[in-house]
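Chain residues, written in single-letter form:
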Amino acid sequence: MTELVLLVDAYLVDVLPEIWFGAVMFALAMYVVLDGFDFGIGMLYATRDDEHEKETFLTAFGPVWDANEVWVVAFGTMLLAAFPRVYSRVLADHYLLAIGFVLALLFRGLGPEMREQRDNERWKRYWDYSFIGGSFLAPLLFGTLAGRWIFDAPTLSLPALLTGVGLVAVSVVTGAAFLTAKTRPRLASDLRTYGIIATLVYLIGVVVLLTTVIVTDAGGAADTVLSLPSGLLVFLSVVAGGAGGVLALRGEYRAWLVSALALPVLLSLLVALLLYPTIYPPTSLTVREAVVSPLALNLVTILGFPALLLVLWYFKFLYGVFSGPIQGDGYKS
């Protein structure tokens, strides 16, 4: 009986709300990392005229891109399960951006599928535009939504727009690094140029964004930005970006991929730092205030964490199977 009372009136562990905040941020990081390089591939697709190279791009991420989108669903589901007040406010306050993001995902997904339905140059060109446009707009809108959320800023403000542009740039970096690790040296040498330029754009954009936040105190985040952890994350981003550029120029593409993926991971950590403990700055709602009741959170923990571990195992298996370099007509081990 005592155990049942504890389950109803107290969290399984006292820091369970913080654990769930970390889990939500982890799901966000996984989405930014994994679907991020998908977006990057879609944008880099615009640089290709050769049909064989286009097919190579689509083959490179074809087996994993649908699975990568699972993480945006996981992010939304976990946010709803643990912090429903935040979930409802995010969708209500950023409705048009959220709808635009979903539509961009839709048109991005239709592009590669529909272009194969007819052997017609104009038909393929139109669906290529759909694929490229969706790949660009999805991270731009998602990043702008995140900027509005984090910094309590209007859609057309510098903090919101710079966050969107930053997510676009870092997606190009990871997309280029992923493709160079999967394709032939000639194509990889061409793609690394785009990745290096995007790295510079991203790092400059981060510095401009954080400077803007410090000057305007957007969302009351200036003190957090000026803190030691934030400074360390920015420093590590510069190190990772610089090291990635050197590795790319030396042709060490697998090492570059690791360095490139560190950028969205560090970005996600910075987002988590900015959102803790005030998880929704527009209403000053904290993690402890926004979390569900102990009974609900305990049950969600018992039922949900094993499912999360299963998903992680599946992704380990999936990326293990499709880990080798590719050619235009399939994978080569």
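Residues numbered from 1 in each chain as written. Predicted model: local features only at pLDDT ≥ 70, side-chain atom pairs only at ≥ 80, totals over all residues. Heavy atoms only, no water.

Here we look at a nonpolar patch on the surface
The following threshold applies: Here a patch means residues that are over 30% exposed by relative accessible area and free of salt bridges, tied together within 9 Å if like-charged and within 5 Å if nonpolar (Val, Leu, Ile, Met, Phe, Trp, Tyr). The Shrake-Rupley method, run with a 1.4 Å probe sphere, supplies the accessible areas, and residue values consider only the shown protein chains as cover. Each reported salt bridge corresponds to a side-chain nitrogen of Lys or Arg within 4 Å of a carboxyl oxygen of Asp or Glu. Where helices and strands are cited, they refer to DSSP runs of H or I of at least four residues and of E of at least two residues respectively, numbered from the N terminus. To sort residues, take the accessible area from a 1.4 Å probe on protein chains only and compare it with the maximum for the residue type: under 20% means buried, over 50% means exposed, and anything in between is partly exposed.
There is a patch of nonpolar side chains on the surface, built from Val8, Leu12, Val13, Val15, Ile19, Leu295, Leu299, Ile302 and Leu303 and spanning about 740 Å² of accessible area. Broken down by element, the residue count for the nonpolar patch peaks at four residues, all from helix H15 (residues 294-321). As for its placement among the helices and strands, Ile302 is situated in helix H15. Overall, the relative accessible area of 47% leaves Ile302 in the partly exposed class.

Some points on helix H5 (residues 70-82)
For the record, the criterion: Expected span of a helix: the number of residues minus one, times 1.5 Å.
With 13 residues, H5 should reach 18 Å at 1.5 Å per residue; the first-to-last C-alpha distance of 18 Å fits that figure. Residues of H5 that are buried include every one of Trp71, Val72, Ala74, Phe75, Gly76, Met78, Leu79 and Ala82, and no others.

Considering empty space enclosed by the protein
Quick note on the threshold: A cavity here means a set of 1 Å grid points, computed over protein atoms only, where a 1.4 Å probe fits but cannot escape. A pocket is an open set with protein on both sides within 12 Å along at least 5 of 7 lines, and lining residues have an atom within 4 Å of a point. Grid points are joined across faces, edges and corners, and a volume is the space filled by probe spheres set on the points. When residues are grouped by polarity, Ala, Val, Leu, Ile, Met, Phe, Trp, Tyr, Cys and Pro land in nonpolar, Asp, Glu, Lys and Arg in charged, and all others, Gly among them, in polar.
Evaluated as defined, the whole model comprises two cavities of 30 Å³ or more. Quantified by volume, the largest cavity comes out at close to 50 Å³. Along the walls of the largest cavity sit Tyr202, Val206, Leu233, Val234, Ser237, Leu266, Leu267 and Leu270, which together make up its complete lining. Counting only elements with at least two residues in the lining of the largest cavity, the list comes to helix H10 (185-216), helix H12 (228-249) and helix H13 (253-274). Among the residues making up the lining of the largest cavity, the classes are represented as seven nonpolar, one polar and no charged. What the second largest cavity holds in volume is close to 30 Å³. As for the second largest cavity, its lining consists of Tyr31, Val32, Gly36, Phe39, Phe142, Leu167 and Ser171. Breaking the lining of the second largest cavity down by element, the ones donating at least two residues are helix H2 (16-44) and helix H9 (158-182). At four residues, the largest contribution of residues to the lining of the second largest cavity is made by H2.

All we've got here are geometric facts, nothing functional implied.
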